[in-house]
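Examination of the molecular architecture
Here's the letter readout for the chains.
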Amino acid sequence: MRFELFKSKILTDGFTNKIEGPSCDKDGNIYAVNYQRDGTVGKVTPNGKSSVFIALPPDSIGCGTRIDPNGTLYIADYKKHNIFAVNLETKEISIHANNPAMNQPNDLAITEQGVLFASDPNWFQQNKGQLWRILTNGNTHLLERNMGTPNGIEVSPDEKKLYVNESLERKIWVYDLSSTNELSNKRLLIEFRDFGLDGMRCDVAGNLFVTRPEKGVVAKISPDGQLLGEIYLIGKNCTNLTFGGPDGRTCYVTMSDTGSIEMFQSDVPGRCWSLLHRTF
């Protein structure tokens, strides 16, 4: 079956306006937070059948998620300063990390070894955003403070760069990432004149796919910061995205204005899919 590249269609709906953080497992199921009611995680099969997968502990609400090759789903809980770890087979929920010094942990990036990076904006006070590293044992390390509103975050396919965007400032920053997960040489990758920025994912070629809320597009950006194009969506308020499908080229986008997940076909697989399938 042939698909038209970069043309979006709706896969499923039924999520609240806090839909966020999609991730795909090895079998192609999509997980996104806040299905039917806030504080849940929804599971969507590749053919669009949706259900509540788990309910988070009381007062916790998820945002960004990631899945590691071992089948653990990590969820940033922006209400209670947690990073949850969920066993996809047993549905057991545990606290992988907790730090009261976090503002509102938002999006997550993950390395092949399972080290997490978390963006941590303060939506109530500008220039108080933070950036964290979370080791496999759950230890948290503050990497940067006094940022703008850090949001989307991603590791490059060769794991030599970390990308972090600032939503309200409309900037994407890139850091050098060492083999010991240290950051250095922060520099501006690209800055936009209008509309905000939200979730990000890389494809295996190193291009960044960035959701742009209110504009209703996913921007495709080259590793050297050139805007390669925009993928127009059906809804407007796109919050995040991930890659899955049988070959890793299906991009799933969460939409807060419609409570839906849209999907389009890309030309190369996403890095997150390749991590699970060890195709690098």
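Located above this text is the structure these notes cover.
Overview of the structure. Not measured: the values here are computed from a predicted model.

So, how was this worked out
Along each chain, the written sequence defines residue order, and numbers are assigned to residues from 1. Local features in this predicted model are restricted to residues whose pLDDT is 70 or higher, and side-chain atom pairs enter the listing and the counts only when it is 80 or higher, whereas totals over whole chains, interfaces and linings include all residues. Hydrogens and waters are ignored; side-chain quantities use all the structure's heavy atoms. Here a helix means four or more residues in a row that DSSP labels H or I, a strand means two or more in a row labelled E, and each is numbered from the N terminus. Our radius of gyration is a C-alpha quantity, and the globule rule it is checked against amounts to 2.2 Å times the number of residues to the power 0.38. The method behind every accessible area is Shrake-Rupley, applied with a 1.4 Å probe, and residues are considered shielded solely by the protein chains displayed. Only four residue types enter the tally: Lys and Arg on the positive side, Asp and Glu on the negative side; His and the chain ends are excluded. For the purpose of locating charges, the reference atoms are NZ of Lys, CZ of Arg, CG of Asp and CD of Glu. In this analysis a 1.4 Å probe is tested at points of a 1 Å grid over the protein atoms alone, and where it fits but cannot get out there is a cavity; an open set with protein on both sides within 12 Å along at least five of seven lines is a pocket; lining residues have an atom within 4 Å of a point. Grid points are joined across faces, edges and corners, and a volume is the space filled by probe spheres set on the points. Only strands that DSSP links by at least two bridges are regarded as paired with each other. Comment: axis = line fitted to C-alpha atoms, over the contacting stretch for helices; angle = value between 0 and 180 degrees taken between N-to-C directions.

Check the secondary structure of the protein chain and you find 1 helix and 24 strands. In terms of C-alpha radius of gyration, the protein chain reaches 17 Å, essentially the compact-globule figure of 19 Å for 280 residues. Along the three orthogonal principal directions, the C-alpha set of the protein chain runs to about 45 × 40 × 35 Å. Split by element, the accessible area of the protein chain, about 11600 Å² in all, is 46% carbon and sulfur. Put simply, the protein chain has 30 plus and 33 minus side-chain charges, and the middle of one group is 1 Å from the middle of the other.

Throughout the structure, instances matching the rule amount to 2 cavities of 30 Å³ or more. Estimates place the volume of the largest cavity at around 80 Å³. If you trace the largest cavity, you find it lined by S23, C24, R66, I67, I110, R201, T242, F243, C272, W273, L275 and L276. Among the elements that line the lining of the largest cavity, the one with the most residues is helix α1 (residues 271-277), at 4 residues.

The next subject is the sheet that holds strand β5 (residues 50-55). The 4 strands lie next to each other as β2-β3-β4-β5, forming an open sheet whose pairing is antiparallel. Only two strands of the sheet have a single neighbouring strand rather than two, namely β2 (15-24) and β5. With direction set aside, neighbouring strand axes in the sheet form an average angle of 30 degrees. Alignment of strand β4 (residues 40-44) against β5, held across 5 bridges, turns out to be antiparallel. Pairing of G42 across the sheet is with V52, part of β5.

These figures capture arrangement, not role.
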